[in-house]
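Examination of the molecular architecture
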Amino acid sequence: MFEFLFKYPTTVFSKGELVLLAPWPLWALGAAIAVAAVALGVNIRGSRSLLSGARPAVIWLLQSAVVVLVLFLLWHPAISIATLRPQQNVVSVLIDDSRSMALREEGGTRLQQAVSGLNSGVLDALRKKFQVRVYRFGKNLERIDKLEQLTASAGASRIGDAVTEALTDASTLPLGALVLLSDGADNSGGIDRETIARIRQRRIPVHTVGFGREKISPDVEISDATLPARALVDSRLAAQVTFRHNGYTQRKARLAVRDGNKVLASQEITLKAEGVPQTESLTFQAGIAGAKGFQFSIDPLDGEENVNNNTLLRLVNVEATKPRILYIEGEPRWEFKFIRRAIDEDRSLELVSMLRTTQNKIYRQGVTNARPQELEHGFPAKAEELFFYSGLIVGSVEAGYFTAAQQELIKEFANRRGGGVLFLGGRFTLSDGGYPASPLAEMLPVRLPPQKGTFHRDEANFELTPAGRESLICRLEDRPERNAERWKKMPLLADYQELGEVKPGAVALAEVNAPGKRRMPVLAVENYGRGRTAVFATQGSWRWKMLQDHQDKTHHMFWQQLLRWLASESPGAVVASTPRPVLADETKVHLRADVRDKAYKPMANVRVEARIVGPGDASGTVELLPQPLEEGVYEADWDAEKPGSYVAEIVVKKDQQEAGRDVLMFRREDGVAENFRLAQNRELLEKLAEQTGGRYYTARDLPKLSDQISYSEAGITTRETRDLWDMPAVFLAALLLRGSEWLLRRRWGVV
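Scoring rules and cut-offs
- Residues numbered from 1 in each chain as written.
- Predicted model: local features only at pLDDT ≥ 70, side-chain atom pairs only at ≥ 80, totals over all residues.
- Heavy atoms only, no water.
- Helix = DSSP H or I, 4+ residues; strand = E, 2+ residues; numbered from the N terminus.
- Rg over C-alpha atoms; globule rule 2.2 N^0.38 Å.
- Buried < 20%, exposed > 50% of the residue type's maximum accessible area, 1.4 Å probe, protein only.
- Contact = heavy atoms within 4.5 Å.
- Lys, Arg positive; Asp, Glu negative; His and termini not counted.
- Charge placed at Lys NZ, Arg CZ, Asp CG, Glu CD.
- Axes fitted to C-alpha atoms, helices over the stretch in contact; angles between N-to-C directions.
- Parallel < 35°, antiparallel > 145°, perpendicular 65-115°, else oblique.
- Nonpolar A, V, L, I, M, F, W, Y, C, P; charged D, E, K, R; others polar.
- Pairing = 2+ DSSP bridges.
- Patch = residues over 30% accessible without salt bridge, like charges linked within 9 Å, V, L, I, M, F, W, Y side chains within 5 Å.
- Areas by Shrake-Rupley, 256 points an atom, 1.4 Å probe, with all protein chains shown as cover.
- Salt bridge = Lys/Arg side-chain N within 4 Å of Asp/Glu carboxyl O.
- Domains from an automatic or database assignment.
- Buried area = accessible area lost by both parts, 1.4 Å probe.
- Polar contact = N/O pair within 3.5 Å; in protein donor to acceptor, adjacent residues only side chain to side chain.
- Core = buried A, V, L, I, M, F, W, Y, C linked by side-chain atoms within 4.5 Å.
- Phe/Tyr/Trp six-rings, centres within 6.5 Å; stacked < 30°, edge-to-face > 60°.

A look at the overall build of the protein chain
What the protein chain contains, in helices and strands, is 17 helices and 38 strands. Rg of the C-alpha trace for the protein chain: 37 Å, well past the compact-globule value of 27 Å for 751 residues, more than 25% over. Overall size of the protein chain, expressed as C-alpha extent along the three principal axes, is 110 × 80 × 55 Å. For the protein chain, the proportion of its 751 residues judged to be buried stands at 50%. Restricting to contacts in the protein chain with at least 6 residues of sequence separation, those with at least 24 account for 73%. Mean positive and mean negative side-chain charge positions of the protein chain (98 and 93 charges, respectively) differ by 3 Å.

Focus on the packing of helix α7 (residues 193-201) against helix α15 (residues 682-692)
Packing of α7 against α15 brings their axes to within 9 Å, and their N-to-C directions diverge by 40°. What the angle tells us is that α7 and α15 run oblique. Together, I196, I199 and R200 of α7 and L688, Q691 and T692 of α15 make up the contact between the two elements. Considering only residue class, the contact of α7 with α15 consists of three nonpolar, two polar and one charged.

Digging into the pairing of strand β31 (residues 588-595)
In this sheet, β31 lies alongside strand β29 (residues 574-577) in antiparallel orientation, the contact comprising four bridges. From the neighbouring strand, S577 faces β31, where its bridge partner is R592. Taken together, the seven bridges between β31 and strand β34 (residues 630-639) define a ladder with antiparallel strand orientation. Its bridge partner lying in β34, A593 is registered against Y634.

Describing a nonpolar patch on the surface
On the surface, W24, V70 and L74 cluster together to form a nonpolar patch covering roughly 310 Å² of accessible area. Along the chain, the position of W24 falls in the loop between β1 (17-20) and α3 (26-45). A relative accessible area of 45% means that W24 is categorised as partly exposed.

A closer look at the domain arrangement of the protein chain
Domains assigned within the protein chain are domain 1 (2-83 + 721-748), domain 2 (86-214 + 679-715), domain 3 (223-319), domain 4 (324-567) and domain 5 (574-673). Look at where the C-alpha atoms of domain 1 and domain 2 centre, and you get two points 42 Å apart. Each partner contributes residues to the interface: domain 1 has 10 residues there, and domain 2 has eight residues. Here domain 1 meets domain 2 over a buried area of about 720 Å², counting both sides, of which 51% is carbon and sulfur. It is T11, K15 and A82 that lose the most area in domain 1 upon contact with domain 2, and together they represent 56% of the buried surface on that side. Counting across the domain 1 and domain 2 interface gives zero residue pairs in polar contact (both at pLDDT 80 or more).

Considerations on the nonpolar core
Counting residues in hydrophobic clusters, the biggest one holds 76 residues, and the most contacted among them are L422, F462, L523, F558 and W559. If you tally residues by element for this core, the top one is helix α14 (residues 554-567), at seven residues. Once residues within four sequence positions are removed from consideration, L523 is found in contact with F462, I473, C474, V507, A508, L509, A510, V535, F536 and F558.

Let's talk about the pattern of salt bridges
Side-chain pairs of opposite charge can arise where the charged atoms are in close proximity. Following the criterion strictly, the structure yields 49 salt bridges and no others. Of the charged contacts in the structure, one is a salt bridge between E481 and R479, with a shortest N-O distance of 3.8 Å.

Quick word on the packing of aromatic side chains
Any aromatic ring pair is given by two values, namely how distant the centres are and how the planes are angled relative to each other. Here the structure, examined in full by the defined rule, presents 27 aromatic pairs. Ring geometry for W334 against F338: centres 6.3 Å apart, planes inclined by 50°, an arrangement best described as tilted. One end of the pair, W334, and the other, F338, are both in helix α8 (residues 334-344), four residues apart, so they sit about a helical turn from each other. The interplanar angle of 70° and the centroid separation of 5.2 Å between the aromatic rings of W487 and W544 together place this pair among those described as edge-to-face.

Some points on the sheet that holds strand β14 (residues 262-270)
The sheet built from five strands is open, its strands ordered β11-β17-β16-β13-β14 with mixed pairing. Only two strands of the sheet have a single partner each, and these edge strands are β11 (230-232) and β14. Direction aside, neighbouring strands of the sheet carry axes that sit 30° apart on average. Taken together, the eight bridges between strand β16 (residues 290-298) and strand β17 (residues 311-319) define a ladder with antiparallel strand orientation. Paired with F294 across the two strands is R314, which belongs to β17.

Concerning the sheet that holds strand β9 (residues 206-210)
Note: strands within a sheet are paired through backbone hydrogen bonds, in either parallel or antiparallel orientation. Here we have six strands laid out as an open sheet, ordered β7-β6-β3-β8-β9-β37, and mixed in their pairing. Edge strands, defined here as strands with exactly one partner in the open sheet, are β7 (141-144) and β37 (696-698). Between one strand axis and the next, the sheet turns by 25° as a mean value, whatever way the strands run. Judged from the six bridges that link them, strand β3 (residues 90-96) and strand β8 (residues 175-182) form a sheet pairing that is parallel. Opposite V90, over in β8, you have L175 as the bridge partner. On top of the sheet, α15 reaches β8, β9 and β37; it is set at about 160° to β9, its chief contact.

Structural data, given as structure tokens:
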């Protein structure tokens, strides 16, 4: 319809430039329009006896519009547009040959639809005008001679890489345009800005042709599962599983996590809004030490076409290390005894304590034979001594007990070292211990009251907040509702300490509700620099053990989970990581190491090497290079040639002496990427075409491609000028204006 009215396709108007071919200047056109408008106004003014009110103005506007149209046509309007010269330019046709193109839709596969569309005269029409190069692509780009070589068997689809390789292959040729036929199911995370910038620099339009349904229904697909890359032995993990569905609104489904064939946890979920990402939490035990591959899955539902996208693998390194936590206590009290007893039963934590028995005497516990002089001179005064620990508990100790340097060191323990610091309630701490006026007040997740007398030996209810019901720290039962009910049955706390409001960015996990008092936070946490801080404003949690059955493990479980949260995420001096631990039909793994000294300051001038061992006899060594913009950060890329699990040991050496090491796991999986995101990604295809000056076509619009692809400024071009005066839309406009004036005059009786 557009071409019928305006004579040319939309591409001509979007890429062309309006020009006036008449020899007269543009100002003369403006002057002629002004004179004609004035003359028409004078003429209509003389006819006011026949027209009244706003009617003369309406007639004047219609007549002026006709005059403007006629004068504009006298100046000979035209479109100037660049077109590719016939047989002097190359057009590259890229056809997606990945497995997603083998999906059968509307009587044939997506690939068959693409081949049929090209064979219906499109490819022949292109060859009459251009030198055509045909490629197929999946993981790599390959030039083909015949369309029969297409098999739809590639395990992945990388559109950005394919376009880049096609540009490189034709870098010395007059490339006029790229034609991409695909369903847009890109497995490399999209097309990066560098690729787009390179295409735009050469002014090469990419025309995209989309195949496949834009919504697969009915279907359920897991899109992500997030959980820590490292965990301690026997830790409880909380995974956030994200998925979406089409066609199963309000249906029940079973979400599960497995270690091999063993189901670790499962729960029934209700599928909510269609096409919208939905996230559910799933908790389970990490188990014994070792490299673990946890499979998250949703059981197949009736009618699902693709059940291979219901499962996702994630790696967790369950470490046998035992983080050491330093606990400084200012006075003998029951809480100290019961905390130590709870941690003694945890095989993943080591608690080293220093108890002030008198003003000048310290009782040490948990000191090993390997470090017999540990804490012999009191609380650490050097970064190397304090940063040896992963967590720090500050009991009933006044702020003045620590020197100014030690207080700054405690702040740096969380901020720079990345450790966790827990402040407990008591007679000599928090507001009653002078903390509001000390630098340590900055670390607390709450604002402390300025006055003293905040410690109360009164019973109080310990009640979870909504955030506390979801937190692993307070998770006694896997289901949040059952967890909340169990906490309601817990014995009362023996005491509590007043806290102020929670700081922005911090989270209150529990509150105390004492008779005659307002509800106030009692357990709160927040992130602080690289680490974490928390406050637990009581010394009476020991009643949870004493006032329940002797076999009840609630008190032990709570403290073990709290101290695991405190210490398990504290990084070592060398931290190895990779952005994608599971490589889905990819080979390149990006290795990164954050290297620090014993005081956790970035280390420069060191040699960082990754020693990699994989499946079979796969192995390799690669040196990580320092990054100029990030001090202490070293990175490298390495190709995993075989599918399977890999272990990379990162070793840091300074002056031929080992300065630290870390272990990293990753896995390469082949044949899985094409199981996900099977619907046509029209958004990606449209964006690629729009940003490069091309156009998006549906499969039905493919025959129009051969006529419109010539309009390009790439390659060898010629400038064409095309008249606009004879467009049907011009005559229809003139007829509409004159017809409107006649109808109005007839209605007003002045014809």
